[in-house]
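# Analysis of the macromolecular model
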Amino acid sequence: MHTITININNDQLAEKVHWFLEHLKNDGLEIVSKEDSEDLKLLTATRGEETISFDEFLKNGH
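The rules behind each value
Residues numbered from 1 in each chain as written. Predicted model: local features only at pLDDT ≥ 70, side-chain atom pairs only at ≥ 80, totals over all residues. Heavy atoms only, no water. Helix = DSSP H or I, 4+ residues; strand = E, 2+ residues; numbered from the N terminus. Rg over C-alpha atoms; globule rule 2.2 N^0.38 Å. Areas by Shrake-Rupley, 256 points an atom, 1.4 Å probe, with all protein chains shown as cover. Expected span 1.5 Å × (residues − 1). Polar contact = N/O pair within 3.5 Å; in protein donor to acceptor, adjacent residues only side chain to side chain. Patch = residues over 30% accessible without salt bridge, like charges linked within 9 Å, V, L, I, M, F, W, Y side chains within 5 Å. Salt bridge = Lys/Arg side-chain N within 4 Å of Asp/Glu carboxyl O. Lys, Arg positive; Asp, Glu negative; His and termini not counted. Charge placed at Lys NZ, Arg CZ, Asp CG, Glu CD. Buried < 20%, exposed > 50% of the residue type's maximum accessible area, 1.4 Å probe, protein only. pLDDT = per-residue confidence, 0-100.

Another aspect to go through is the overall build of the protein chain. Counting its secondary structure elements, the protein chain contains 3 helices and 0 strands. Listed N to C, the secondary structure of the protein chain is α-α-α in terms of helices and strands. Radius of gyration (C-alpha) of the protein chain: 18 Å, far over the 11 Å computed for a compact globule of 62 residues. Approximately 6500 Å² of the protein chain is accessible, and the part contributed by carbon and sulfur atoms is 53%.

Written as structure tokens, this is what we have:
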């Protein structure tokens, strides 16, 4: 998988680019916001960690 980040300072151009990319979804393109991508990376990194119940977390969360 390839990841491309596009920074656009012009709202009108951003809308045009987004419109174009939406038409490529049927070809397998996935559009993910940078924030969502960073959140997914953080969540993936925690998969190997030991889990605890939420109640236990609250007891020791200080």
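What follows deals with helix α1 (residues 11–22). Compared with an ideal rise of 1.5 Å per residue, which puts 12 residues at 16 Å, α1 spans 16 Å between its outermost C-alpha atoms and is within 8% of the ideal. Residue Asn10 occupies the N-cap position of α1, its side-chain oxygen lying 2.8 Å from the main-chain nitrogen of Gln12.

Before going further, it helps to spend a moment on a nonpolar patch on the surface. Together, Ile52, Phe54, Phe57 and Leu58 give the surface a local cluster of nonpolar side chains, amounting to about 450 Å² of exposed area. Among the structural elements, Leu58 can be located in helix α3 (residues 54–60).

Further remarks concern a negative patch on the surface. Together, Glu35, Asp36, Glu38 and Asp39 make up a negatively charged patch on the protein surface. When its relative accessible area of 41% is taken as the criterion, Glu38 is described as partly exposed.

This next bit is on the pattern of salt bridges. Within this structure, the stated rule accounts for 1 salt bridge. A salt bridge links Glu22 to Lys25, with the nearest nitrogen and oxygen atoms 3.3 Å apart. Looking at Lys25, the relative accessible area reads 39%, which means it is partly exposed.

Here the protein chain averages 84 in pLDDT, and 97% of its residues register 70 or above. Looking at the elements of the protein chain, mean pLDDT is at its lowest for helix α2 (residues 34–45), recorded as 78, and at its highest for α1, recorded as 95.

Before going further, it helps to examine the environment of Ala14. Its location among the elements puts Ala14 in helix α1. Residue classification places Ala14 among the partly exposed residues on the basis of a relative accessible area of 27%. For the pair Ala14 and Ile4, spaced 10 residues apart in sequence, the C-alpha to C-alpha distance is 15 Å.

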